[in-house]
Amino acid sequence: MWSRMAVLILAIFCVGTAELAPSGMLGDLSRDLTVSIPTAGLLVTVYALTVVIGGPLVTAATTRVRRKHLLVGLLLVSVLGNVVSSLAPTFGLLMIGRVLTAVIHGTFLAACVVIAGSMADEGKKGSAVAGTQLGISLATVLGVPLGTLVAHQLNWRATFGGVAVLAVITIVLILLVIPDSPATTTAPSAAHELRELKKWQVIGIVLATVLCSGGMFTVITYMVPLLTDVGGVPATWVPVVLFGYGVGSIAGNAIGGKFADRSIDAAVIGLSSILAAVCALYWLVAGTAVGAAAFLILFSMATFALIPGLQVKVLSAAADAPTLSLTVNMSAFGLGAALGSWAGGQLIAQGLGIRSVTLGAAAFTALGAVLIAQTVHSGRRQRVAADATPQTVA
């Protein structure tokens with residue numbers, strides 16, 4: 001089990017590093033391709049939009065593909081995208097490489113989560129899902145810094161090339177280690193999976209994911225100015241705090257998985273409420289260096305503790321459409337990220353100051369927590385009503 005999980009984590013690490021790598025080398029890309037920094041930043045923006053739009057479409061088109069074969073095929077597309085990015089002589093071709101890499105992102109991560117859940121022992125699905133999210137955390141803590149280092153020591157092309165080589169190695173490991181899925185004839189049709197998405201239990205959690213992700217990214221987008229401009233943290237200490245943020249994300253991920261194992265409903269309600277409270281308290285202490293640094297780390301723990309729970313909750317609500325529902329939920333994370341970063345900018349533009357983004361984040365996540373609670377309560381009422389309905393005997 002652990003060897004299989006390690007391969008899935010490595011696979012997600014490859015895809016996550018490919019996603020985030022440009023953010024650490026925008027200056028190199030800008031100079032080499034003769035574009036402005038904001039233009040180079042579109043490599044991140046377009047990637048996110050491609051994930052939001054392309055993920056559900058790719059998933060719907062591949063519902064009958066064996067999951068092991070699906071992982072290999074999608075990762076091959078990612079390799080192609082990274083190779084194109086590495087060799088691109090122009091910004092336009094680099095963007096095409098990024099789109100190729102991004103279009104498989106949502107489906108690939110969803111398939112990894114579904115496979116991890118299917119391999120988990122009874123009562124351990126939350127920990128298994130959290131384990132796959134470790135790949136994203138490691139991409140943030142290790143992948144981006146290493147990619148930036150390679151770009152500075154060699155060039156940015158070597159970073160994309162290195163990710164492609166690592167992905168090829170991962171494909172070989174997937175073929176050797178990951179078990180095959182049942183015959184494709186047993187897979188549900190795309191139409192059946194789409195019907196599953198019409199359930200309020202699924203819709204409610206997906207909408208709550210948008211709100212909670214909005215709260216997360218209202219802070220994440222402006223976390224460095226929160227540290228330096230509001231908290232007065234010296235610029236030389238920012239990398240240390242951000243490393244603590246990464247460690248906090250890994251710890252939160254493990255904690256969230258354990259909570260989800262015990263009770264998924266209690267986990268998503270409790271952790272979303274805790275995240276809202278942390279964001280609100282962040283506003284109180286953001287004016288001091290110690291408070292700003294400590295609460296950013298607490299924020300990362302609360303954020304990454306909630307994410308596995310939201311994924312497991314969607315899986316349980318749409319048991320007959322696991323890959324598609326998770327892909328849609330990942331698109332919801334992307335929509336929330338765009339909403340949160342925009343809302344934070346609006347708060348600052350209205351003259352409320354950078355510190356106000358913490359209250360904006362608290363508002364988003366509090367609304368998400370309320371919606372989660374309502375969805376869970378609605379599901380319980382439906383189950384009670386179903387249990388109370390007399391069963392007819394043939």
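Along each chain, the written sequence defines residue order, and numbers are assigned to residues from 1. Per-residue local features are limited, in this predicted model, to residues with pLDDT of at least 70; the limit for side-chain atom pairs, both in listing and counting, is 80 or more; totals at the level of whole chains, interfaces and linings are taken over all residues. No hydrogens and no water enter the side-chain calculation; it runs on all heavy atoms of the structure.

As annotated in an unreviewed UniProt entry, the chain carries the name MFS transporter and is attributed to Kribbella antibiotica.

Observations regarding the overall build of the chain
In this description a helix means any DSSP run of H or I spanning at least four residues, a strand means any run of E spanning at least two, and both kinds are numbered starting from the N terminus. A tally of regular secondary structure across the chain gives 16 helices and zero strands. Considering only contacts within the chain whose residues lie at least 6 apart along the sequence, 83% involve residues at least 24 apart. Methods summary: accessible areas were calculated by the Shrake-Rupley approach with a probe of 1.4 Å, and residue burial reflects only the protein chains presented. Accessible surface computed for the chain: about 16,600 Å², of which carbon and sulfur atoms make up 72%. By definition in these notes, contact holds between two residues if any of their heavy atoms fall within 4.5 Å.

Side note on the packing of helix α11 (residues 223-230) against helix α12 (residues 238-262)
Angular values range over 0 to 180 degrees, each being the angle between N-to-C directions of two axes fitted as lines to C-alpha atoms, with helices fitted over their stretch in contact. The contact between α11 and α12 brings their axes to 11 Å, and the two run at 135 degrees. The orientation of α11 relative to α12 falls into the category oblique. Between α11 and α12 lies a crossing whose hand is right-handed. Between α11 and α12, the contacting residues are Met223, Val224, Leu227 and Thr228 on the first element and Val238, Val241, Leu242 and Tyr245 on the second. In this count, Pro and Cys sit with the nonpolar residues alongside Ala, Val, Leu, Ile, Met, Phe, Trp and Tyr, while Asp, Glu, Lys and Arg are called charged and the others, Gly among them, polar. Class assignment for the residues of the contact of α11 with α12 results in seven nonpolar, one polar and no charged. Any angle from 65 to 115 degrees is called roughly perpendicular, while one under 35 is roughly parallel, one over 145 is roughly antiparallel, and all others are oblique. Crossings are sorted by hand: turned counterclockwise from the far helix by less than a right angle, the near helix makes the crossing left-handed, and turned clockwise it makes it right-handed.

Comments concerning the pattern of salt bridges
One side-chain nitrogen of Lys or Arg within 4 Å of one carboxyl oxygen of Asp or Glu is enough to make a salt bridge. This model, assessed by the stated rule, comprises three salt bridges. Between Asp28 and Arg31 there is a salt bridge, and its shortest N-O distance comes to 3.2 Å. Highlighted residues: Asp28 and Arg31, both in helix α2 (residues 26-33), separated by three residues, approximately one helical turn. In this scheme, a residue with accessible area under 20% of its type's maximum is buried, one over 50% is exposed, and one in between is partly exposed, where area comes from a 1.4 Å probe on protein chains only. Accessibility expressed as a relative area gives 62% for Arg31, which makes it exposed.

Thoughts on the state of the cysteines
What is meant by a disulfide is a covalent connection between two cysteines, made through their sulfur atoms. Note on terminology: pairs of cysteine sulfur atoms within 2.5 Å are recorded as disulfides. Tallied over the full model, the rule gives zero disulfides. Here Cys279 stays unpaired: no disulfide links it, and the sulfur of Cys212, its closest cysteine neighbor, is 9.7 Å away. Looking at Cys279, the relative accessible area reads 0%, which means it is buried.

Focus on α2
Along an α-helix, residues three or four apart share an orientation, since each turn contains 3.6 residues. What α2 keeps buried is the set Leu26, Asp28, Leu29, Ser30 and Leu33. Among the residues trailing α2, Thr34 stands out with phi positive, at a value near 55 degrees.

Quick word on the environment of Ala318
Within the element layout of this structure, Ala318 appears in the loop between α14 (289-317) and α15 (322-349). By relative accessible area, Ala318 is classed as buried at 0%. For Ala318 and Ile203, which are 115 residues apart along the polypeptide, the C-alpha to C-alpha distance reads 10.0 Å.

Quick look at a nonpolar patch on the surface
By definition, no residue in a patch forms a salt bridge, and every one has over 30% relative accessible area; like charges are joined within 9 Å, nonpolar side chains (Val, Leu, Ile, Met, Phe, Trp, Tyr) within 5 Å. A grouping of Leu281, Trp283, Leu284 and Leu359 is seen on the molecular surface, where their side chains present a nonpolar patch of about 370 Å² in accessible area. Examining the composition of the nonpolar patch, we find that three residues originate from one element, helix α13 (residues 264-285), more than from any other. Mapped onto the fold, Leu359 is located in helix α16 (residues 357-388).

Concerning the packing of aromatic side chains
Any two rings among Phe, Tyr and Trp, with Trp reduced to its six-membered ring, count as a pair given centres within 6.5 Å; such a pair is stacked if its planes are under 30 degrees apart, edge-to-face if over 60, and tilted if neither. Under the defined criterion, the tally for this structure stands at two aromatic pairs. Aromatic pair Trp156 and Phe160: ring centres 6.0 Å apart, planes at 85 degrees, arrangement edge-to-face. Here the residue Trp156 and the residue Phe160 both occupy positions in helix α8 (residues 156-177), the gap between them amounting to four residues, near one helical turn. Both residues of the pair, Trp156 and Phe160, belong to the buried class. Positioned over the ring face of Trp283 is Arg355, at 5.2 Å from the centre of the ring. Here, a charge over a ring means that NZ of Lys or CZ of Arg falls within 6 Å of the ring centre while also lying within 35 degrees of the ring normal.

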